[in-house]
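As a plain string of letters, each chain reads:
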Amino acid sequence: METKYIKWIPENGFDTTELEEAAKIIRDGGLVAFPTETVYGLGGNGMLPEAAKKIYAAKGRPSDNPLILHIAAFEQLEGIVSQVPETARKLADAFWPGPLTMIFHKLPGVPYETTGGLDTVAVRMPEHPGALAFLERAGVPVAAPSANRSGRPSPTQMIHVREDLDGKIDMIIDGGAVGIGLESTIVDMTENVPVILRPGAVTKQMIAEVTGEVIFDPAIMSAAGDRKPKAPGMKYRHYAPRAKMIVFRGDVAKVTDRINRELREYCCNGGYRPEEIGILAAEETADGYSVGQVVTAGSRRKGTVGKYIYGALRKFDELSVRLILAESFYGLAQEEAIMNRLLKAAGQCVVDV
């Protein structure tokens with residue numbers, strides 16, 4: 001398959017003809033990767049079972065891993081979900097459009113291929129003018145997981161999508177670098193108390209200010225075992241570079257010292273050459289490592305770690321390292337989201353310092 005490329009430019013928007021072509025691909029059951037404010041999504045017609053199957057095939061994604069439906073207007077919920085609780089309406093008023101996904105009981109017309117076999121469906125309205133224009137022109141709910149091969153770090157630039165999906169999908173919309181860099185927060189609204197299934201830019205505190213009570217699902221910072229995942233990213237290893245990764249958790253200075261000691265041990269006695277070891281660090285601590293290939297994941301002080309962490313993880317693949325020693329990132333506004341992704345990427349391989 002030859003993948004076509006078009007552009008969305010903030011100052012100019014879409015070429016009208018190209019936008020209609022992208023929308024028609026979706027309506028006809030094809031696949032289009034498009035930018036959102038969080039990461040790039042791989043879109044297909046969420047109401048067509050065959051489109052969902054194509055998404056799973058293109059990503060190499062397990063078919064029990066639910067997809068998120070993207071909509072351009074709140075009114076589209078009427079054709080997707082059986083009931084919208086009042087609490088969900090309040091959250092939509094506060095955070096839609098935006099990086100918040102809510103889970104509802106689905107209507108029969110939403111295929112199980114889209115929901116991973118569940119009677120619930122995840123829905124969000126992205127806060128990205130290009131995405132909203134694309135979704136509005138498509139005229140159908142668009143199922144869209146991240147536009148990468150399953151398990152790989154999510155794409156925050158068009159080039160990441162091209163690396164993983166060129167030749168596997170019909171079209172890629174180039175919208176430049178995304179703004180947030182981490183997937184949306186997912187909240188289950190089918191329980192008595194809202195449950196956060198995946199942390200994101202909309203934090204627990206922000207949700208609690210609207211809903212009162214809200215809780216985290218215990219699987220957020222751990223493996224989810226054998227139970228069927230209710231939201232993307234819950235069960236399988238995700239966001240991962242090819243190399244083995246170890247996360248060092250603790251005080252920043254102590255973590256830096258421990259990683260340096262581990263570097264010496266791996267190079268002297270572990271059979272690794274310095275260029276085979278990567279270090280994932282913040283800008284503020286990157287100069288503290290004398291050997292290994294240091295890749296920065298943004299700044300703790302400026303709060304940019306969430307935006308750049310996926311690009312950093314992909315960089316290690318370009319460097320062909322065999323092992324990654326990663327700092328942890330606590331005390332940040334998006335702490336839960338960043339550490340959730342980092343621990344999933346490392347397969348829960350953690351050293352407490």
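Residues numbered from 1 in each chain as written. Predicted model: local features only at pLDDT ≥ 70, side-chain atom pairs only at ≥ 80, totals over all residues. Heavy atoms only, no water.

**Observations concerning the side chain of Lys 59**
Here is step 1 of the chain: Here Lys 59 is to be found in helix H2 (residues 49–59).
Here is step 2 of the chain: The buried charged residue Lys 59 lacks any salt bridge partner; its closest oppositely charged side chain belongs to Asp 164, at an N-O distance of 7.3 Å.
Here is step 3 of the chain: With sequence-adjacent residues up to four places away left out, Lys 59 is seen in contact with Leu 42, Pro 145, Ser 146, Asn 148, Arg 149 and Ser 150. (Helix = DSSP H or I, 4+ residues; strand = E, 2+ residues; numbered from the N terminus. Buried < 20%, exposed > 50% of the residue type's maximum accessible area, 1.4 Å probe, protein only. Lys, Arg positive; Asp, Glu negative; His and termini not counted. Salt bridge = Lys/Arg side-chain N within 4 Å of Asp/Glu carboxyl O. Contact = heavy atoms within 4.5 Å.)

**A word on the sheet that holds strand E15 (residues 323–327)**
Here is step 1 of the chain: Reading across the sheet, the 5 strands line up as E14-E13-E15-E12-E16 and stay open at both edges, with parallel pairing between neighbours. Every other strand in the sheet has two partners, leaving strand E14 (293–296) and strand E16 (350–352) as the edge strands with one partner each. Within the sheet, the average angular offset between the axes of one strand and its neighbour, ignoring direction, is 25°.
Here is step 2 of the chain: Sheet strands in contact with helix H8 (residues 252–268) are strand E12 (244–249), strand E13 (277–281), E15 and E16, and its direction is about 165° off that of E15.
Here is step 3 of the chain: Each of E12, E13, E14 and E15 is contacted by helix H9 (residues 305–319), which is oriented at about 155° to E14, the strand it contacts most. (Pairing = 2+ DSSP bridges. Axes fitted to C-alpha atoms, helices over the stretch in contact; angles between N-to-C directions.)

**A closer look at the layout of surface pockets**
Here is step 1 of the chain: Of the voids in this model, the largest pocket is the one considered here, and its volume is about 200 Å³.
Here is step 2 of the chain: Thr 156, Gln 157, His 160, Ala 177, Val 178, Lys 307, Tyr 308, Gly 311, Ala 312, Arg 314, Lys 315 and Glu 318 are the residues that line the largest pocket.
Here is step 3 of the chain: It is H9 that provides the largest number of residues to the lining of the largest pocket, a total of 7 residues.
Here is step 4 of the chain: Residue composition of the lining of the largest pocket, grouped by class: 4 nonpolar, 4 polar and 4 charged.
Here is step 5 of the chain: In this model, the second largest pocket occupies a volume close to 150 Å³.
Here is step 6 of the chain: As for the second largest pocket, its lining consists of Gln 83, Pro 85, Thr 87, Ile 103, Phe 104, His 105, Met 189, Thr 190, Glu 191, Asn 192, Val 193 and Pro 194.
Here is step 7 of the chain: For the lining of the second largest pocket, the residue count by class is 6 nonpolar, 5 polar and 1 charged. (1 Å grid on protein atoms, 1.4 Å probe; cavity = no way out; pocket = protein on both sides within 12 Å on 5 of 7 lines; lining within 4 Å. Points joined across faces, edges and corners; volume = space filled by probe spheres on them. Nonpolar A, V, L, I, M, F, W, Y, C, P; charged D, E, K, R; others polar.)

**Some details on helix H6 (residues 158–165)**
Here is step 1 of the chain: Among the residues of H6, Met 158, His 160, Val 161, Asp 164 and Leu 165 are the ones counted as buried. The arc that holds every buried residue of H6, seen down its axis, measures 155°, which confines them to one face.
Here is step 2 of the chain: Summarising the contacts, the buried residues of H6 are in contact with strand E1 (4–7), strand E2 (32–34), strand E3 (41–45), H2, strand E8 (171–174) and H9. (Arc of directions from axis to C-beta.)

**A closer look at unusual backbone geometry**
Here is step 1 of the chain: Looking along the chain, the bond that leaves Trp 96 and enters Pro 97 is cis, with omega of -5°.
Here is step 2 of the chain: For Ser 320, which is not glycine, the phi dihedral falls at a positive 55°.
Here is step 3 of the chain: Of note, Ser 320 is situated in the loop between H9 and E15.
Here is step 4 of the chain: Under the relative-accessibility criterion, Ser 320 is labelled exposed at 55%.
Here is step 5 of the chain: Positive phi, close to 65°, is recorded for Gln 348, a residue that is not glycine.

**A closer look at the pattern of salt bridges**
Two side chains bearing opposite charge may form a pair once their charged atoms approach each other closely.
Here is step 1 of the chain: Per the stated rule, a full pass over the model turns up 20 salt bridges.
Here is step 2 of the chain: A salt bridge links Arg 249 to Asp 352, with the nearest nitrogen and oxygen atoms 2.7 Å apart. Placement of the pair is Arg 249 in strand E12 and Asp 352 in strand E16, with a sequence separation of 103 residues.
Here is step 3 of the chain: Put simply, Arg 322 and Glu 276 hold a salt bridge, and the shortest N to O gap is 3.0 Å. Residue Arg 322 is found in the loop between H9 and E15, and its partner Glu 276 is found in the loop between H8 and E13; the two are separated by 46 residues along the sequence.
Here is step 4 of the chain: Assessed through its relative accessible area of 11%, Glu 276 is described here as buried.
Here is step 5 of the chain: A single salt-bridge network, built from bridges that share partners, covers Arg 152, Glu 163, Asp 164, Arg 242, Arg 314 and Asp 317.

**Details of the environment of Leu 165**
Here is step 1 of the chain: For Leu 165, the position within the fold is in helix H6.
Here is step 2 of the chain: The spacing of Leu 165 and Asn 12 is 153 residues in sequence and 26 Å in space, taken between C-alpha atoms.
Here is step 3 of the chain: Every residue in contact with Leu 165, bar those within four places of it in the chain, is listed here: Thr 3, Leu 42, Ala 58, Ala 147, Asn 148 and Arg 149.

**Description of the nonpolar core**
Here is step 1 of the chain: Counting 42 residues, the largest nonpolar core has Trp 96, Leu 100, Met 102 and Val 123 as the members making the most contacts within it.
Here is step 2 of the chain: At the level of secondary structure, the elements contributing two or more residues to this core comprise H2, helix H3 (86–95), strand E5 (100–105), strand E6 (120–124) and H6.
Here is step 3 of the chain: Ignoring anything within four residues of it in the chain, the contact list for Leu 100 reads Leu 91, Phe 95, Val 123, Arg 124, Ser 184, Thr 185, Val 187, Val 202 and Ile 207.
Here is step 4 of the chain: Ala 243, Leu 332, Met 339 and Ala 345 belong to the second largest nonpolar core, which has 28 residues in total. (Core = buried A, V, L, I, M, F, W, Y, C linked by side-chain atoms within 4.5 Å.)

**Thoughts on the packing of aromatic side chains**
Here is step 1 of the chain: Under the counting rule described, the total for this entry stands at 3 aromatic pairs.
Here is step 2 of the chain: Between Tyr 266 and Tyr 272 the ring centres are 5.4 Å apart and the planes differ by 85°, which places this aromatic pair in the edge-to-face class. Note on accessibility: Tyr 266 and Tyr 272 belong to one class, buried.
Here is step 3 of the chain: Just above the ring of Tyr 112 sits the side chain of Lys 106; from NZ or CZ to the centre is 4.2 Å.
Here is step 4 of the chain: The ring of Tyr 272 carries Arg 322 above its face, with NZ or CZ at 4.2 Å from the centroid. (Phe/Tyr/Trp six-rings, centres within 6.5 Å; stacked < 30°, edge-to-face > 60°. Lys NZ or Arg CZ within 6 Å of the ring centre and 35° of its normal.)

Interpretation in functional terms is not warranted from these geometric data alone.
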